[in-house]
Amino acid sequence: MDFDSILKNRRAINHFDPERDVDDETLKSILEQAVKAPSSYNLQPWKLVVFRDPEKKAALRKLAFDQPKVTEAPVILMFLADRSGWRPENTTMRNVFEDNVKSGKMASDQREWFAGVTQALYGRDDEAMQAFANKNAGLFAMSVMYTASHYGLHTHPMDGFDHDGVKKEFDIPENYWIPMLMAVGHLKPGITIHPKAWRQSYEDMVLKEY
Ligand SMILES: Cc1cc2nc3c(=O)[nH]c(=O)nc-3n(C[C@H](O)[C@H](O)[C@H](O)COP(=O)(O)O)c2cc1C
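Values in this document were obtained by computation on a predicted structure and should not be read as measured data. (Residues numbered from 1 in each chain as written. Predicted model: local features only at pLDDT ≥ 70, side-chain atom pairs only at ≥ 80, totals over all residues.)

> Quick one: what's the story with the site of the ligand, residue by residue and with numbers?
The environment of the ligand is formed by Arg-11, Ala-12, Gln-67, Pro-157, Met-158, Asp-159, Gly-160, Met-180, Lys-196 and Ala-197. Among the residues making up the shell around the ligand, the classes are represented as five nonpolar, two polar and three charged. (Near = placed C-beta within 6 Å. Nonpolar A, V, L, I, M, F, W, Y, C, P; charged D, E, K, R; others polar.)

In structure tokens:
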């Protein structure tokens, strides 16, 4: 699918076909393609919880203002933004550093320097940690939505849920914030998607031009 079609076809649909599954292999391919998204220092501070189990989805729906798509869609992804993804002891951060050394981007004695930079940029206070985690997880989520469109699937991002209730119910560790849930599946037959809603123009979006 060309990119214009992906942009046009990616819609937050409200009605998923409960009869049509998204198989494991397709989901895996989508996520492993979408992970090519950019992130701060390539730190990829995100994880996912994948929901397929009807009972778990029903429990999640209760905490997501009873939105029917939570149980209708075959797959719900819970995006976890890792507020501690900049810490030197974080596994992904360690993998990134080692990869940087291997590719010659960093020297092996720069581990402490790297830890200092990421601490100063992303770990200096609560606001910086929150921003770091959420902007990167948000970019990943966008990448998942476009990739799913490319695979002919539909998605729906949701932040209409009880954040702390969901964390508690599914035992999500403290370092994560949940920027959104995302329904993934197929459009229910017979449903007409409304035309794309109003978007800002160039003039609306640009606050200043220098
Ligand atoms: C982070 C985020 C959270 C959202 N949360 C909800 C939600 O909880 N429930 C809902 O019905 N729509 C939700 N939406 C969908 C938006 O309403 C929708 O994306 C917007 O109206 C534009 O429509 P489109 O995505 O079809 O182009 C959310 C969208 C985003 C990006």
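> Any chance you could break down the sheet that holds strand S3 (residues 154-158) for me, citing the residues and the numbers?
Spatially, the four strands line up as an open sheet ordered S1-S2-S4-S3, and their pairing is antiparallel. Of all the strands in the sheet, just strand S1 (46-51) and S3 have a single pairing partner and so form its edges. With direction set aside, neighbouring strand axes in the sheet form an average angle of 25°. As paired strands, S1 and strand S2 (residues 75-82) are joined by six bridges and run antiparallel to one another. From the neighbouring strand, Leu-48 faces S2, where its bridge partner is Phe-79. Across the sheet, helix H7 (residues 126-150) touches S1, S2, S3 and strand S4 (176-185), and the angle it forms with S4 is around 5°. (Pairing = 2+ DSSP bridges. Helix = DSSP H or I, 4+ residues; strand = E, 2+ residues; numbered from the N terminus. Axes fitted to C-alpha atoms, helices over the stretch in contact; angles between N-to-C directions. Contact = placed C-beta atoms within 7 Å.)

> Let's hear about unusual backbone geometry: which residues, and what values?
Residue Tyr-41 is not a glycine yet carries a positive backbone phi of 50°. Following the sequence through the fold, Tyr-41 ends up in the loop between helix H2 (24-34) and S1. For Tyr-41, a count of 19 C-beta atoms within 10 Å gives the class partly exposed. Positioned with a positive phi, Asp-66 is a non-glycine residue whose angle comes to about 60°. Relative to the helices and strands, Asp-66 is located in the loop between helix H3 (54-63) and helix H4 (69-72). For Asp-66, a count of 10 C-beta atoms within 10 Å translates into the label exposed. (Buried ≥ 20, exposed ≤ 12 C-beta atoms within 10 Å, placed from the backbone.)

> Go over the packing of H2 against H7, please, and point to the residues and values.
Each pair of packed helices gets described by two things: the angle between the helix axes and the distance between those axes. For the pair H2 and H7, the least separation of the axes is 8 Å and the interaxial angle reads 130°. In terms of orientation, H2 and H7 fall into the oblique class. Note that H2 runs across H7; the crossing there is right-handed. Residue-level inspection shows Ile-30, Leu-31, Gln-33 and Ala-34 of H2 in contact with H7, the latter providing Phe-140, Ser-143, Val-144, Thr-147 and Ala-148. The residue inventory of the contact of H2 with H7, partitioned by class, reads six nonpolar, three polar and no charged. (Parallel < 35°, antiparallel > 145°, perpendicular 65-115°, else oblique. Left-handed = near helix turned anticlockwise from the far one by under 90°.)

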